[in-house]
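Each chain, written out:
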Amino acid sequence: MSDPYETTEAHLERLLGRALNSFDLPDRLVEHLGTALAHSSSLYSTHHSPASGLWRETRRHTYLLADGTSSSLWELAYRQDADRAVRHEVFAGRAELSLAVNRLFGEADPATHAEFTLLPDDPEGAVDDVAVLSALFAASVSTPLQRHRGYAVDESADHARRVLRRAENADRPGADTARVLRSAYAHRITQAFGTRHCLADGRDAGFSLYEHAFMLLDGTELSLWEVEHTATPDGRHMCEVYESEAAAREAMELRARVR
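A. Spatial organisation of the packing of aromatic side chains. Within this structure, the stated rule accounts for 1 aromatic pair. Taken together, a centroid distance of 5.4 Å and an interplanar angle of 80 degrees make the contact between tyrosine 44 and tryptophan 74 edge-to-face. Of this pair, tyrosine 44 sits in strand 1 (residues 38-49) while tryptophan 74 is found in strand 3 (residues 70-79), placing the two residues 30 residues apart along the sequence. Exposure remark for tryptophan 74: the relative accessible area of 5% places this residue in the buried category.

Written out as structure tokens, the structure reads:
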């Protein structure tokens, strides 16, 4: 079963780890797959034969790579006669998949089998998966060099909610920004200012500025700027969040001003 919250890296590691023949894949292909930014998995065919106990399924796993190209792996999961163990093999193309089916089940063309079900989703429909994945990473033409900046696909919408929830400043981003960030699917965190110490109201205070950059489903980027500081009346740690770097830096200067 696939995990909707599984990262592409974890998905690929799990797929290759369970395949009996993953070592047969070309090294260059595996290297390219290591740069995958997003993935889509779909069931291509299924064949269940209760009388003989034979069972198999084939799945297509499509990956969008960091260079904007795509690649697919074909997975064969099967259980043979009088054997309850499920085995997995993975292939770089449909031709290799067909050869494996012929090797294991003696069928040159599995679609001719009476109990074989070819799902409506045509294998060439991989282009549809690529189109969807590409749309996730398509940036505007004016910012082509900012498409892939080390984003992590890891529950990014939840991360955005946590950042906004811990913000204590009254002028923090509102409901509109929170609504837009619900479509965040990848993010990265960068310390934009570095740790700074200064006097605030006669006390030593520390400041740090972080950019939380999010990639949205429509291909655009949105950043939240978080100021962490201890320039509070009791010296406790406080977080403030702003929609722009300029506003965040202005808030830092205001907080750090010696009164």
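Having seen the model, we can carry on.
B. Up close: the nonpolar core. Grouped together as the largest cluster of nonpolar side chains are 12 residues: Leu12, Leu15, Leu16, Ala19, Leu25, Leu29, Leu33, Ala36, Tyr63, Leu65, Leu73 and Val90. The element that contributes the greatest number of residues to this core is helix 1 (residues 8-18), accounting for 3 residues.

C. Region of interest: the side chain of glutamate 226. Within the secondary structure, glutamate 226 is located in strand 9 (residues 221-229). Within the structure, the side chain of glutamate 226 is placed 2.7 Å from the side chain of histidine 212, a separation counted as a polar contact. Excluding residues that lie within four positions of it along the chain, glutamate 226 makes contacts with Arg166, Ser208, Leu209, Tyr210, His212, Cys239, Glu240 and Val241.

D. Main features of the environment of leucine 33. Mapping leucine 33 onto the fold places it in helix 2 (residues 27-33). The exposure class assigned to leucine 33 is buried, which follows from its relative accessible area of 2%. For the pair leucine 33 and serine 71, spaced 38 residues apart in the sequence, the C-alpha separation amounts to 7.5 Å. Every residue in contact with leucine 33, bar those within four places of it in the chain, is listed here: Leu12, Tyr63, Leu65, Ser71 and Leu73.

E. Quick peek at helix 3 (residues 94-105). Across its 12 residues, helix 3 extends 16 Å between first and last C-alpha, which sits within 8% of the 16 Å expected from 1.5 Å per residue. What helix 3 keeps buried is the set Leu97, Ala100, Val101, Leu104 and Phe105. End-on, the buried residues of helix 3 take up no more than an arc of 100 degrees, which puts them together on one face. Opposite the buried face of helix 3, by more than 90 degrees, sit the exposed residues Ala95, Leu99 and Arg103. Just downstream of helix 3 lies glycine 106, where phi reads positive at about 70 degrees.

F. Spatial organisation of the pattern of salt bridges. One pass over the structure, following the stated rule, counts 7 salt bridges. Among the ionic pairs, glutamate 89 bridges to arginine 103, the shortest N-O distance being 2.8 Å. Of this pair, glutamate 89 sits in strand 4 (residues 87-91) while arginine 103 sits in helix 3; the two residues are 14 residues apart in sequence, bridging distant segments of the chain. For glutamate 89, a relative accessible area of 7% puts it in the buried group.

G. Spotlight on the environment of serine 244. Relative to the helices and strands, serine 244 resides in the loop between strand 10 (238-242) and helix 7 (245-256). Residue classification places serine 244 among the partly exposed residues on the basis of a relative accessible area of 30%. Remark: the alpha-carbon pair of serine 244 and leucine 222, spanning 22 residues in sequence, is separated by 9.7 Å. Of note is the side chain of serine 244, whose polar atom sits 3.1 Å from the backbone nitrogen of alanine 247.

Cut-offs applied
- Residues numbered from 1 in each chain as written.
- Predicted model: local features only at pLDDT ≥ 70, side-chain atom pairs only at ≥ 80, totals over all residues.
- Heavy atoms only, no water.
- Phe/Tyr/Trp six-rings, centres within 6.5 Å; stacked < 30°, edge-to-face > 60°.
- Helix = DSSP H or I, 4+ residues; strand = E, 2+ residues; numbered from the N terminus.
- Buried < 20%, exposed > 50% of the residue type's maximum accessible area, 1.4 Å probe, protein only.
- Core = buried A, V, L, I, M, F, W, Y, C linked by side-chain atoms within 4.5 Å.
- Polar contact = N/O pair within 3.5 Å; in protein donor to acceptor, adjacent residues only side chain to side chain.
- Contact = heavy atoms within 4.5 Å.
- Expected span 1.5 Å × (residues − 1).
- Arc of directions from axis to C-beta.
- Salt bridge = Lys/Arg side-chain N within 4 Å of Asp/Glu carboxyl O.

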